[in-house]
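Spelled out, the chains give:
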Amino acid sequence: MEGASFGAGRAGGAIDPVDFLKQPQTILRVTTWIFSIVVFGSIVNECYVNKDSPDLLCIFNENESACSYGIAVGVIAFFGCIFFFVVDLYFQQISSVKDRKRAVLLDLGFSGFLSFLWFVAFCFLANQWQRTAMSPGVSQGADAARAAITFSFFSIIVWVALAVKALQRYRLGTDMSLFATDQFTADPNAAYPGYPTGSGIESTETYQSPPFTETLDANPKGYQVPAY
């Protein structure tokens, strides 16, 4: 039971790449990885434009903080997806239930944290885009700005879904760990408990008298000794 918990099979089992790629959790990670590339790639490449000066300014209302925040969240999500993708790949090789629990809790916390960061990014970028005055320079990067806002919103949904999946794995692993703790002893050499008696107290007197030691009647009733 120790190897089979937290949504994975028994430790040491072979990894099937096809089955691994078909898992919903893997699909969600790849999806949010692509979304993070779209967000920070769009901001870095096309969201710095020239307006009335030769200097490059952030397209989001000339607010450098908006572009910097979007890039930072995208980069964090990018490397976070790679890290947890590797963790998922080798998760079945983890034999310790405690280590699996730590990995699932880390996944849950990180997914929830990224959901919050993407929510802030979406609100921040959308608000600054609404305040942006259109100009020829801004028009050139308008599509990239809208793409960053749109995929920031999609990233919220995907990261929330990853958090829900991690929560399900945690609950499943906790239930199985409790079952293993209640049903099996930690010491493999420990003896199995005996069955209790009706009164709960075992009696030391198993027999009322030793067997085959009772006095036998030499002349049973109803039997006459024949005379010769």
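Values in this document were obtained by computation on a predicted structure and should not be read as measured data.

1. Digging into the state of the cysteines
Here comes step 1: Within this structure, the stated rule accounts for 1 disulfide.
Here comes step 2: The residue that forms a disulfide with C58 is C67, at a sulfur-sulfur distance of 1.9 Å. Disulfide C58-C67: the torsion about the S-S bond is 85°, which places it as right-handed. Grouping residues by exposure puts C58 and C67 together as buried.
Here comes step 3: Between C47, a cysteine without a disulfide, and C67, which holds the nearest cysteine sulfur, the sulfur-to-sulfur distance is 5.8 Å.
Here comes step 4: Judged by its relative accessible area of 0%, C47 is buried.

2. Quick look at the nonpolar core
Here comes step 1: Residues I43, I59, F60, L114, W118, W129 and W159 are the most contacted members of the largest nonpolar core, which totals 31 residues.
Here comes step 2: Residue assignment for this core shows that the elements contributing at least two residues are helix 2 (24-46), helix 3 (64-90), helix 4 (97-130) and helix 6 (142-183).
Here comes step 3: When neighbours within four sequence positions are excluded, I59 is seen to be in contact with C47, V49, C67, W129, T132, V138, G141, A142 and A145.

3. A short note on the side chain of S115
Here comes step 1: Mapping S115 onto the fold places it in helix 4.
Here comes step 2: Looking at S115, its side chain comes within polar contact range of the main-chain oxygen of S111, at 2.8 Å.
Here comes step 3: In contact with S115, other than residues within four places in its own chain, are I156, W159 and V160.

4. What about helix 4?
Here comes step 1: Here helix 4 spans 49 Å end to end across 34 residues, near enough to the 50 Å set by a 1.5 Å rise per residue.
Here comes step 2: For helix 4, the capping residue at the N-terminal end is S96, with a side-chain oxygen 3.3 Å from the backbone nitrogen of K98.

5. Concerning the pattern of salt bridges
Here comes step 1: Within this structure, the stated rule accounts for 6 salt bridges.
Here comes step 2: Linking R29 and D107 is a salt bridge whose minimum nitrogen-to-oxygen distance equals 2.6 Å. Of this pair, R29 sits in helix 2 while D107 sits in helix 4, placing them 78 residues apart in sequence.
Here comes step 3: Owing to a relative accessible area of 2%, R29 belongs among the buried residues under this scheme.
Here comes step 4: In this structure, R102 engages D99 in a salt bridge whose closest nitrogen and oxygen atoms are separated by 2.7 Å. You can see R102 and its partner D99 sitting in helix 4, 3 residues apart, about one turn around the helix.
Here comes step 5: By relative accessible area, D99 is classed as partly exposed at 37%.

6. Topic: the packing of aromatic side chains
Here comes step 1: Counted by the stated rule, this structure contains 14 aromatic pairs.
Here comes step 2: Here the aromatic rings of F35 and F154 are separated by 6.1 Å at their centres, their planes lie at 40°, and the arrangement is tilted. With F35 in helix 2 and F154 in helix 6, this pair connects stretches of sequence that are 119 residues apart.
Here comes step 3: For F35, a relative accessible area of 14% puts it in the buried group.
Here comes step 4: Given the relative accessible area of 35%, F154 is considered partly exposed.
Here comes step 5: Cluster of aromatic residues (ring-pair linked, three or more members): F35, F122, F151, F153 and F154.
Here comes step 6: Between the NZ or CZ atom of R169 and the centre of the ring of F91, over which it lies, the distance is 4.6 Å.

7. Some details on unusual backbone geometry
Here comes step 1: Located in the positive-phi region is N61, a residue other than glycine, with phi close to 55°.
Here comes step 2: Summarising the element assignment, N61 is placed in the loop between strand 2 (57-58) and helix 3.
Here comes step 3: Of note, E62 is a non-glycine position whose phi angle comes to about 55°, a positive value.
Here comes step 4: Looking at the secondary structure, you find E62 in the loop between strand 2 and helix 3.

Parameters and conventions
- Residues numbered from 1 in each chain as written.
- Predicted model: local features only at pLDDT ≥ 70, side-chain atom pairs only at ≥ 80, totals over all residues.
- Heavy atoms only, no water.
- Disulfide = S-S within 2.5 Å.
- Buried < 20%, exposed > 50% of the residue type's maximum accessible area, 1.4 Å probe, protein only.
- Core = buried A, V, L, I, M, F, W, Y, C linked by side-chain atoms within 4.5 Å.
- Helix = DSSP H or I, 4+ residues; strand = E, 2+ residues; numbered from the N terminus.
- Contact = heavy atoms within 4.5 Å.
- Polar contact = N/O pair within 3.5 Å; in protein donor to acceptor, adjacent residues only side chain to side chain.
- Expected span 1.5 Å × (residues − 1).
- Salt bridge = Lys/Arg side-chain N within 4 Å of Asp/Glu carboxyl O.
- Phe/Tyr/Trp six-rings, centres within 6.5 Å; stacked < 30°, edge-to-face > 60°.
- Lys NZ or Arg CZ within 6 Å of the ring centre and 35° of its normal.

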